[in-house]
Amino acid sequence: MKLPYLVTLILVCIFKNLAEEPKLAMVIELFRHGAREPLHHLLDTGWSHLGELTAVGYRQHYIEGLELRRRYDSLLPKHFDYTTTSFRSTDYNRTLMSAISHLAGLYPFQTGPVLAESEVKLALPPFNITVDIVKLGSDALPERYQPLPIHTVSSHDDAAFSSTHFDICPNLAAYAKEMPTLPDYKNMTDVFTPNFEKIATIYGLDPGKITMLNAKQVFDSLITDYFANNETKIEYNTQLFKNITYIHDSISSFEDFRTWDQIRLTMTPFLREIISRIEARFNGSTPNAVWYTYSAHDTNLHNYLIAFNLSTFTSNSS
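Given the structure is predicted, the values throughout are model-derived calculations rather than measurements.

A few words now on the overall build of the protein chain. The secondary structure content of the protein chain amounts to nine helices and five strands. With respect to the three principal axes, the spread of C-alpha positions in the protein chain is 75 × 55 × 35 Å. Expressed as a percentage of its 318 residues, the buried residues of the protein chain come to 41%. Long-range pairs, those at least 24 residues apart, make up 73% of the contacts in the protein chain with a sequence separation of at least 6. By element, 56% of the accessible surface of the protein chain is carried by carbon and sulfur atoms, the whole surface being about 17500 Å². Across the protein chain, the mean location of the 27 positive side-chain charges is 4 Å away from that of the 35 negative side-chain charges.

In structure tokens, the structure reads:
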């Protein structure tokens, strides 16, 4: 069974002169953070740093950054230039560290700044040091590493990427309140409950421990164990795991994106930002801009895939 690796949505903007061949002018990439520890202890599989990026997650994004550098090398400047690129992350360790790993691939070693001979002494502090700086040579940092600025906003103020949070969009609370009363929700409960009971039995949990309210945590625990190469009590090639995946996707879609009003409320802030980036390039406000990176979450990817008509609640639940 093929499991998800990384989900990245890349918007390629092409400015077309009718008298010439189309020319790649700008790339906007939005990706989910890499592999992480589970967010909850529902199945109690021994994790100790809930929600944090794992070593596999670091490697995933580093490789993806390298590959994007290879594919778009002619567009991206060889060395960092703040007028051409911008990097943004949500305010979570896992997304910030995914962005750092990703950009280490996009701007790999040997792309950072070099000191002129006259600048080497200027970099020394005004006190005695015992560290050996000779091996640095003229490299500003070892291996000419290029540090990059990653901008972020508190999740309580991040309309573009926390739009499903009630403190960002209070109107969504009404949709959450009505959800348990809807016929579709009740039908899903009836269909999914036998799976909940089977999972509880396998993990020695009390009957009724797994419900529609926490069922997504089951998939979360299993998929994080997969990317840590941990043994699990439910194999990934079984029908039960397929059911768990289906349950996770169906509930996620139904909770946040079952109506077009919800979709509009949650997707509009980010789409406005994307449009403003493109317009700024067209009108000359940011004439050199060629690359925007956004490090976020699967919820965000899901939302914007729906916004671009690449996915729908119906397709996820059919």
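We are not done yet, so read on.
The next point concerns the environment of His156. Within the secondary structure, His156 is located in the loop between strand 4 (151–153) and helix 3 (172–178). Separated by 146 residues in the primary sequence, His156 and His302 place their C-alpha atoms 20 Å from one another. Residues contacting His156, with those up to four places away along its chain left out, are Asp167 and Ile168.

Glancing now at the pairing of strand 3 (residues 85–90). The buried count for strand 3 comes to six of six residues, which makes it a mostly enclosed element. The alternating pattern of strand 3 places Thr85, Phe87 and Ser89 on one face and Ser86, Arg88 and Thr90 on the opposite face, and all of these are buried. Pairing of strand 3 with strand 5 (residues 291–296), which is carried by five bridges, proceeds in the parallel orientation. Paired with Arg88 across the two strands is Tyr294, which belongs to strand 5. Pairing geometry for strand 3 and strand 4, over three bridges, is parallel. The residue bridging Thr90 from the neighbouring strand is Val153, located in strand 4.

Burial within strand 5 is extensive, with six of its six residues counted as buried. Here strand 5 shows two buried faces, one formed by Trp291, Thr293 and Ser295 and the other by Tyr292, Tyr294 and Ala296. Pairing between strand 2 (residues 23–32) and strand 5: six bridges, direction parallel. For Ile28, the partnering residue across the bridge sits in strand 5 and is Tyr292.

Our focus in this paragraph is the pattern of salt bridges. Between side chains of opposite charge, a pair can form when the charged atoms approach closely. For the coordinates displayed, the defined rule picks out 11 salt bridges. Note that Glu178 is salt-bridged to Arg258, the shortest N-O span being 3.1 Å. Of the two residues, Glu178 sits in helix 3 while Arg258 sits in the loop between helix 6 (239–257) and helix 7 (260–283), which places them 80 residues apart along the sequence. On the basis of relative accessibility, which here comes to 32%, the residue Glu178 falls in the partly exposed class. One salt-bridge network, held together by shared partners, links Glu67, Arg70 and Arg71.

Rules used throughout
Residues numbered from 1 in each chain as written. Predicted model: local features only at pLDDT ≥ 70, side-chain atom pairs only at ≥ 80, totals over all residues. Heavy atoms only, no water. Helix = DSSP H or I, 4+ residues; strand = E, 2+ residues; numbered from the N terminus. Buried < 20%, exposed > 50% of the residue type's maximum accessible area, 1.4 Å probe, protein only. Contact = heavy atoms within 4.5 Å. Areas by Shrake-Rupley, 256 points an atom, 1.4 Å probe, with all protein chains shown as cover. Lys, Arg positive; Asp, Glu negative; His and termini not counted. Charge placed at Lys NZ, Arg CZ, Asp CG, Glu CD. Pairing = 2+ DSSP bridges. Salt bridge = Lys/Arg side-chain N within 4 Å of Asp/Glu carboxyl O.

Worth remembering: the numbers are spatial, not functional.
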